[in-house]
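Summary of the model geometry
The chain contents come next:
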Amino acid sequence: MNQVRVLFWISALALATVSASTAFARALSWSESLKLAVENNSELKVAEDSFRSTEAQEGVARAGFLPTVTGSLNGSRSGTAGSLDFGTAPGNQYSA
């Protein structure tokens, strides 16, 4: 008899749990269900990643057709620190 009571209470608890979880379920709209399908579609994610990778490779390929700008800057200064010879100023040279 005790086993029957235990099984009854376990069944009642399980039924209450299922009833509570389905009570909060609601119907999805078409746009919500479509959004969920797109978010959880692994094949679509792989295709999207492949598309983005192709776009990046296209950008790298087009970079070869763009102009290149280069430049350099050099500078030097001559003279000795602490020199008391006021007749000559330190020399500066710059090139670009």
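Structure's up top.
Position numbers for residues start from 1 in each chain and track the written sequence from start to end. With the structure being a predicted model, the display of local features is reserved for residues of pLDDT at least 70 and the display and counting of side-chain atom pairs for 80 or more, all residues being used for whole-chain, interface and lining totals. The basis for every side-chain value is the complete set of heavy atoms in the structure, and neither hydrogens nor water enter the calculation.

1. Some words on the overall build of the protein chain
Secondary structure counts use DSSP, requiring at least four H or I residues in a row for a helix and at least two E residues in a row for a strand, with both numbered from the N terminus. Looking only at helices and strands, the protein chain has three helices and two strands in total. Ordering the α and β elements of the protein chain from the N terminus gives α-α-α-β-β. Looking at the 96 residues of the protein chain, the share that counts as buried comes to 0%. Per-residue accessibility takes into account occlusion by the displayed protein chains alone, with areas from the Shrake-Rupley method and a 1.4 Å probe. Total accessible area on the protein chain is roughly 9300 Å²; 62% of this is exposed by carbon and sulfur atoms. For every residue, the accessible area (1.4 Å probe, protein chains only) is compared with the maximum for its type, and the residue is labelled buried under 20%, exposed over 50%, or partly exposed between those bounds.

2. Considerations on the pattern of salt bridges
Whenever Lys or Arg places a side-chain nitrogen within 4 Å of a carboxyl oxygen from Asp or Glu, that contact is recorded as a salt bridge. This model, assessed by the stated rule, comprises two salt bridges. The residue Arg52 makes a salt bridge to Glu48 at a minimum N-O spacing of 3.8 Å. Note that Arg52 and Glu48 are positioned in helix α3 (residues 42–63) at a spacing of four residues, about one turn of the helix. Residue classification places Glu48 among the partly exposed positions, given a relative accessible area of 43%. When the shortest N-O distance is used, the salt bridge between Glu58 and Arg62 registers 2.8 Å.

3. Concerning α3
To estimate the expected span of a helix, count its residues, drop one, and scale the result by 1.5 Å. In this model α3 runs 32 Å from its N-terminal to its C-terminal C-alpha over 22 residues, within 8% of the 32 Å that 1.5 Å per residue would give. We call two N or O atoms a polar contact when they sit within 3.5 Å, provided that within protein one can donate a hydrogen and the other can accept it, with sequence-adjacent residues counted only if both atoms are side-chain atoms. Sitting at the head of α3, Asn41 places a side-chain oxygen 3.1 Å from the backbone nitrogen of Glu43.

4. A short note on a nonpolar patch on the surface
Patch construction takes residues with relative accessible area above 30% that form no salt bridge. Like charges are linked within 9 Å, and nonpolar side chains (Val, Leu, Ile, Met, Phe, Trp, Tyr) are linked within 5 Å. A contiguous nonpolar patch, built from Trp30, Leu34, Val38 and Leu44 and spanning about 440 Å² of accessible area, is present on the exposed surface. It is helix α2 (residues 30–39) that provides the largest number of residues to the nonpolar patch, a total of three residues. With respect to the element layout, Trp30 can be found in helix α2.

5. Here we look at the environment of Ser31
In this fold, Ser31 is placed in helix α2. Among the residues examined, Ser31 registers a relative accessible area of 52% and is labelled exposed. A polar contact of 3.3 Å, which involves the side chain of Ser31, links it to the side chain of Ser29.

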